[in-house]
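A closer look at the structure
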Amino acid sequence: MAEGEVTGHKHRITEGSAELYEKDSTLYLRVFSVSALLAHEEHKAISIPQGDWMVKIQREYEPEGWRYVAD
């Protein structure tokens, strides 16, 4: 799905059926199967239920302000 900016690790679907698509400059994940497993080398896999999901870049707060999380 998305490659980490720092480590090069990727988020990927390892179980189930899903596709990534873009609509109106927004990225979505459509899960066709009952669920899909989203895996990444640096954290626990996440089970995503069937449906359409907006993909957002996670942010975190630091004393200097908000920044996007870099895997």
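Scroll up for the structure.
Described in the following lines is the structure provided in the data block.

Conventions we followed
Residues numbered from 1 in each chain as written. Predicted model: local features only at pLDDT ≥ 70, side-chain atom pairs only at ≥ 80, totals over all residues. Heavy atoms only, no water. Core = buried A, V, L, I, M, F, W, Y, C linked by side-chain atoms within 4.5 Å. Buried < 20%, exposed > 50% of the residue type's maximum accessible area, 1.4 Å probe, protein only. Helix = DSSP H or I, 4+ residues; strand = E, 2+ residues; numbered from the N terminus. Contact = heavy atoms within 4.5 Å. Salt bridge = Lys/Arg side-chain N within 4 Å of Asp/Glu carboxyl O.

Here we take up the nonpolar core. Residues L29, V31, A36, L38 and I48 constitute the largest nonpolar core, which totals five residues. Broken down by element, the residue count for this core peaks at four residues, all from strand β4 (residues 26–40). Not counting residues up to four positions away in its chain, the partners in contact with I48 are L29, V31, V34, S35, A36, L38 and W53.

Applying the stated criterion across every chain yields a total of two salt bridges. Close ionic contact of E19 with R30 constitutes a salt bridge, the shortest N to O distance being 3.8 Å. Placement of the pair is E19 in strand β3 (residues 18–23) and R30 in strand β4, with a sequence separation of 11 residues. The closest approach of N and O atoms between D52 and R30, which form a salt bridge, is 2.6 Å. Here D52, found in strand β5 (residues 43–54), pairs with R30, found in strand β4; they are 22 residues apart in sequence, far enough to count as distant. Among the residues examined, D52 registers a relative accessible area of 45% and is labelled partly exposed. The exposure class assigned to R30 is partly exposed, which follows from its relative accessible area of 29%. What emerges from the salt-bridge pattern is a single network uniting E19, R30 and D52.

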